[in-house]
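Residues per chain, in single letters:
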Amino acid sequence: MGKRVAVVGYGQTYQRSSRKDVNGVELINEAVRVALADAELTIKDIDAIVIGNMDHFEGINYVDMWSAEGSGAVMKPVMKVTTGGTTGTSVAMCAYYHVASGMFDKVLAIGWEKNSESDTTGAIITAFHPVWERPNLGGAVAGLAIEASKYMHDYGATEKDGARVAVRERLHALNNPYAHLHQEWMKGIPPDQLVDLIVGSEQNQLLAYPLRMSDMCPRTDGAAAVIFAVEGKAEKIAPIPAWVQATANRHNFVYAGDVDMARNTTIAEASQAVFRKAGIKEPLKQIDVCELYLPYSYAGLKWIEDIGFCGYGEGPRLLWDGVTDMDGEMPINPSGGVMSSNAIGATALIRVGEGALQVMGRAGARQVNRKVNLAFCSGFGGCYWADIMLLGRKKPA
Amino acid sequence: MENIAIVGVGQTVCARRREETFEQLVFEAATKALADAGAEIGDIDNVVTVSNDFWDGRTTSSMAVQEAAGGWHKDISTVEGDGAFGAFYGVMRILSGSFDTALVVGHIKGSEGVMNLITNAMFDPIYQRSLGIDATAAAALQARIYMQMSGATERDFARVSVKNHGQAMKNPFAQLPMKLTLKDVLESRPIAEPLKLLDCSPISDGAAAVVLSNRRGLKRFKKDPVWIRGVGHCTDAFNLGYRDLARSRSLGEAAKKAYKMAKIKDPLKELDVAELYDAYSYMELMWYEGLGLAPEGEGKQLIREGATALGGVLPVNPSGGVLSGHPVIVAGLIRLIEATLQVRGEADKRQVKGAKTALAQGINGPCGQAHCVFIVGA
Amino acid sequence: MAKARRKARNVVYAGRIKVPYAWSVGATGSRFLTALRDDQEIWGVKCPKCKRVYVYPIKNCGECFVPTEQWVKVANVGTLESFTVVHYKHDMQPRKRPLIYGLVKLDGTDGALLHLIGGVEPAKIKLGMRMKAVFARQRAGSILDIQHFAPA
C-alpha cells in the first residue's frame, strides 16, 4: 500500500503588492531557501520538485523548465501542475502523491505568482470559453458578486455579515508578518465597530454589488514552498510532522453558467470525501483550525456551511459568535487568509503550509492557543473547484 | 514498485487540422481508451489531464476538459507538460494507495495557435524572447553543436526522416506517412539551417488517453495488462548556452532510473522496440546516445547500419515517431501507447515481431531539457 | 433554421490574448542591462563554488544552488559555438531576413549567450569564428542594446 506522508518544512516570501527587486525565478528561489532552512535540509536532500503558477499571469510558458536554476530543479525530476486558483493545493497534492507512491522520499512543492507583472483580470477572463463566455464575462469579481447576491437573497444575509468575515481576516493578518495586507488602523477596535466603519465608508469603493474593495482579495507577488517527507524520514526532520490525513478534490464544472449558485456543491463533496476517509463525523468539534481559501468575504459565510461546519444560513451566526476568531472554538485563517495575501499560484499552497505550521505548533504570533490535532486546508479556483487537504498530529493508521 | 498496468489506450488520428474542439478530442480519446479497456467511466477512480495554457489560448485551460475527461465527481488534476509526465503522475496516484485505477488524457490543437509565438514564450522574457527565438531555431542551434561533437551529418539526419516517414505509412493514426528518399529530405526547403522542412515535425491536432490500474483494479477491465516495468524523469538546466547541448545528461539520468527499476543492463539487447521523441530528425540520434543505445557520438552508426529500422536490432519509432505527427503535450503519451500496442501484439502493420519489452520517451522544454522514460513489458 | 443547417460551415473564431506584461527584471538583471545601456559593457556573475561566470547573469547558480555574488566584467568578444539562419517569419522576430541566431561564448565566461548574428553574409559564418558585440546606437536597457554579434 502507499506510504504515509507528512509536511516537514514550509517557507514563503513576504507577500507584497510588487517585488520589483527580483524576477520570478529569483522569487521562487527565495521561498525554496526559506523552506529548506525551515526543515534544516539542503537541495541535495530533495528527490523531486513540483511547481505551479498560472501561466498567463506572468506570461511564461513551461515555467517548470524556465525556473530550473532557481527552484533547485537542475538534474532532478520536475513536474508542473496547474489548475488555476487551486494550483497551490493541486501542487501540494501532487507532491504528496509523489511521496505516498513510495518512489520519492522528500519532495518540494512550490507555488508562486507575480501578479504585479500583468493585468490579472485580463488574464482571468481568458479562463473562460472564447466563443461562448469570454465576450460577456466580467472576470472573477463579477462571478463572485452573483454568488454573494444569491446567498443574501436566500438567507437574508447582509453586507455587515460579509464585512464581519473581512474584519476577521484582516485582524488575523496583523499577527502574520508575511501577509500582504496589514490594516494597522484596525488594531484595538472591536470587530462590531470595524464592520460599521467598513460598511459605512464612502471610500470603500463598490466594484460589483454587493462587493466592495473591502470584500476582495489583493493581487500579490509571492512564493511559497512546502516540503513533504515519507514516514521513517519525516520524524527525523520535524519534531512534530504534520501528517496528511486525507486529501480529495472536485473540479466539477466547466462553464460558468453550469455552476450551481445556490450551494457550493464541489467543496461540499470534496469535504465529505475527506471526512469519510479520515473518519470525521462532527467537523466543527473535531477540526481544530482551518486555513480556507476564501477569495472574498461572503464565501466565509456560505462555504463553511457547505463544508459542514454548520447548517445552511447559519454561517453569519458562527462569525458573530466569534467561533471562527483566534480565541474561538474553531479559528479560521489565523494567517489572514487569501483576503490578506493572494499570489495566486502560491495561495492555496500557503493554506497547506499554514495548516502544517499550526499542527507543528510553530506559527508564532498567529499560533492558535491549543494543541492542534487536525487542520483543515482548502483551495479554490476556476468554476468553483475545491481541493481539500487535512493535516494532523497523529500518523494515520 | 508495485505492479501498475496499462489496460486501455486510445488515440485520435493526428491531423494538421481537426474540426472538433479540443474538448471533443479529449472525449474521443478518453472514450476510445475506455472502450479498449472494456470499461466505463465509473471504473475510473481518478483523472489526470495534460494540457498547456499557451497552446490552448486559455488560462486554466484544463478547466475546459474536466467533463470530457470524465472528471465529474472525481479527484482530478492537471500536469502541464508532456503527456508521459502526466502518465507518470497517474502511476504515482495509484501507487499512493488512494486509487486503484486512473485515466490520463492529453490534448492539443496545434492548428489553433501560432507555434512560433507559443514556443517563443517558453524562452526568457528579458534575455531571449525579444530576439524572436522559438523552438525550431533553438533546435537548429543544438543540431549544429551535436554535428560538431559527433560528426553526424545532415545525411544522417535525413536517414531518420526517411525511416520514420516511411514507417508512418503503416500507422493509420499518423499525420505524415511519406515514402521519401535521402535526396527528398536533403533538398527540402530550409527552415533553420541545418534543419530543412523534412527534418522538422509538423503542427498537429490530436488527443490520447491511457487507462492505468493496479492489480486489484484489473478485474474491472477486459484487456490483458501491459506492465510498467520502470519509469524515470529528470530535468536539465534552462539556460541554453550553459547546457551541454550535444549531450543529454537529463535523458541519461531518467533512463538510468527506468533501467534500474526494470532490471535492464544492456538496453540495445534487452529492449525489443523503442518509441522516441524525434521532434526534429537529429534528436533521434541524440536520444540513442542519451539512452545508452550507442556510445557518445555514435548514434549515427545505428542509423547508418539500419539497426533501428523495422528489421534491425532495435526498431525505433515503428509508429513513424513525432516527425510523422507532433501533437505537442500528447506526443509522449502516444509513444507510451505505441509501446503498449507493441507489447500487446496489437500494432498491426507496424508490429515488431515478438516484442515483449518496449521503451517510450517523452520530452519537455527547449531542446529536450527534460525527459520521461517508461519501460513497459508483458 | 433548415436553410441555416444546410449552409452551416464550421465557423472559425479568431482572437488574441491581449494581456500586457511588465516583467520585473530584478536587481541582478537590472545591473546587467544598465551596464549595457549606459556603459556598453558586458558584466557577468561568478559562482563562488564552481567559479562559473554567467552571462546573462543569474542570481543563483543552478548547478551548485548557491547565490552568485561576485560581478565580473567580461570581454565584448567571444567565440561562436553555434548559429542558424532562419527562413521563416513570425511576429516576434526583431528584424527581417537574413535572420541569424548564434550562441557566443564571451571570453571570460563559461557558457554561451544566445543572440543575433549580423554584419556578415550567412555563407561566410563558421563555427569557432571570433565575434564581437555591436552595440545599438539607441539603447533602452534591454538585451537588444547589443544589436548583434559580428565577426571580430
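It should be noted that the structure appears before, not after, this text.
Note that the coordinates shown come from a computational prediction; the quantities given were computed from them, not determined experimentally.

### Section: the interface of chain C and chain B
Next up, step 1: On the side of chain B, 36 residues touch chain C, which itself brings 42 residues to the contact.
Next up, step 2: Between chain C and chain B lies a buried interface of about 3,400 Å² when both sides are counted; carbon and sulfur atoms form 64% of it.
Next up, step 3: Considering only the surface of chain C that becomes buried against chain B, Tyr-56, Tyr-88 and Leu-114 of chain C emerge as the three largest contributors, covering 20% of it.
Next up, step 4: Linking chain C with chain B are 1 salt bridge, by the criterion used here.
Next up, step 5: For Glu-63 of chain C, the salt bridge goes to Arg-249 of chain B, with nearest N and O atoms at 2.7 Å.
Next up, step 6: In this assembly, chain C and chain B are joined by 16 residue pairs in polar contact (both at pLDDT 80 or more).

### What to know about the layout of surface pockets
Next up, step 1: If you add up the space inside the largest pocket, you get close to 1,700 Å³.
Next up, step 2: In terms of lining, the largest pocket is formed by 48 residues, of which the most central are Asp-56, Gly-57 and Glu-112 of chain B together with Gly-15 and Arg-16 of chain C.
Next up, step 3: Of all the secondary-structure elements, those providing two or more residues to the lining of the largest pocket are helix H1 (22-37), helix H2 (53-56) and helix H4 (115-120) of chain B.
Next up, step 4: Of the residues assigned to the lining of the largest pocket, the class counts are 21 nonpolar, 12 polar and 15 charged.
Next up, step 5: For the lining of the second largest pocket, the element with the highest residue contribution is helix H7 (residues 139-155) of chain A, accounting for 7 residues.
Next up, step 6: Per-class residue counts for the lining of the second largest pocket are 30 nonpolar, 18 polar and 2 charged.

### Re a nonpolar patch on the surface
Next up, step 1: Taken together, Val-131 and Trp-132 of chain A together with Tyr-13 of chain C make up a surface patch of nonpolar side chains, about 360 Å² in accessible area.
Next up, step 2: Turning to its location among the elements, Val-131 of chain A is positioned in the loop between helix H6 (120-125) and H7.
Next up, step 3: Judged by relative accessible area, which is 32%, Val-131 of chain A ranks as partly exposed.

### Brief notes about the sheet that holds strand S1 (residues 42-46) of chain C
Residue and element names in this part refer to chain C.
Next up, step 1: The strand order across the open sheet formed by 3 strands is S2-S1-S3, and the pairing between neighbours is antiparallel. Lying at the two open borders of the sheet, with one neighbouring strand each, are strand S2 (53-54) and strand S3 (70-74).
Next up, step 2: Both S1 and S2 contribute to a ladder of 2 bridges, which runs antiparallel. Bridge pairing in S2 places Lys-46 opposite Val-53.
Next up, step 3: Against the sheet, helix H2 (residues 26-39) engages S1 and S3, with an angle of about 155° to S1.

### Brief notes about empty space enclosed by the protein
Next up, step 1: Per the stated rule, a full pass over the model turns up 8 cavities of 30 Å³ or more.
Next up, step 2: The calculated volume of the largest cavity comes to roughly 190 Å³.
Next up, step 3: For the largest cavity, the lining is made up of 16 residues, of which Asn-23, Val-25 and Glu-69 of chain A together with Tyr-56 and Ile-58 of chain C are closest to its centre.
Next up, step 4: Contributing elements (two or more residues each) for the lining of the largest cavity: helix H1 (24-39) and helix H4 (68-71) of chain A.
Next up, step 5: Looking at the second largest cavity, its volume works out to about 90 Å³.
Next up, step 6: Looking at the second largest cavity, it is lined by 13 residues, and the ones nearest its centre are Asn-171, Ala-174, Gly-321, Ile-334 and Arg-335 of chain B.
Next up, step 7: Residues of the lining of the second largest cavity, tallied by class, amount to 5 nonpolar, 7 polar and 1 charged.

Parameters at a glance
- Along each chain, residue indices are assigned from 1 in the same order as the chain's sequence is written.
- A letter from A marks each chain and a number from 1 marks each ligand, given out in the order of writing.
- Totals for whole chains, interfaces and linings use all residues, but because this is a predicted model, local features are given only for residues with pLDDT of at least 70 and pairs of side-chain atoms are given and counted only at 80 or more.
- To obtain the side-chain values, all non-hydrogen atoms of the structure were used and water was disregarded.
- Here, residues are in contact when the closest pair of their heavy atoms is within 4.5 Å.
- For any pair of parts, buried area is found by adding up, for both, the accessible area (1.4 Å probe) each one loses once the two are put together.
- Whenever a carboxyl oxygen of Asp or Glu lies within 4 Å of a side-chain nitrogen of Lys or Arg, that contact is scored as a salt bridge.
- Here a polar contact means two N or O atoms within 3.5 Å. Within protein one must be a hydrogen donor candidate and the other an acceptor candidate, and residues neighboring in sequence count only if both atoms are side-chain atoms.
- Points on a 1 Å grid, built from protein atoms alone, make a cavity when a 1.4 Å probe fits but cannot get out and make a pocket when they are open with protein on both sides within 12 Å along at least 5 of 7 lines; residues with an atom within 4 Å of a point are the lining residues.
- Grid points are joined across faces, edges and corners, and a volume is the space filled by probe spheres set on the points.
- A run of DSSP states H or I qualifies as a helix once it reaches four residues; a run of E qualifies as a strand once it reaches two. Both are numbered from the N-terminal end.
- By the convention adopted, Pro, Cys, Tyr, Trp, Phe, Met, Ile, Leu, Val and Ala count as nonpolar, Lys, Arg, Asp and Glu as charged, and the other residues, Gly among them, as polar.
- Each patch is assembled from residues with relative accessible area greater than 30% and no salt bridge, linking like charges that lie within 9 Å and nonpolar side chains (Val, Leu, Ile, Met, Phe, Trp, Tyr) that lie within 5 Å.
- Note on areas: these come from Shrake-Rupley sampling with a 1.4 Å probe, and a residue is covered only by the protein chains present in the view.
- Remark: exposure states derive from per-residue accessible area (1.4 Å probe, protein chains only) relative to the maximum for the residue type, with buried under 20%, exposed over 50%, and partly exposed in between.
- In this description, strands pair whenever DSSP reports at least two bridges between them.
- Simply put, an axis is a line fit to the C-alpha atoms, just over the touching stretch for a helix, and the angle between two N-to-C directions goes from 0 to 180 degrees.

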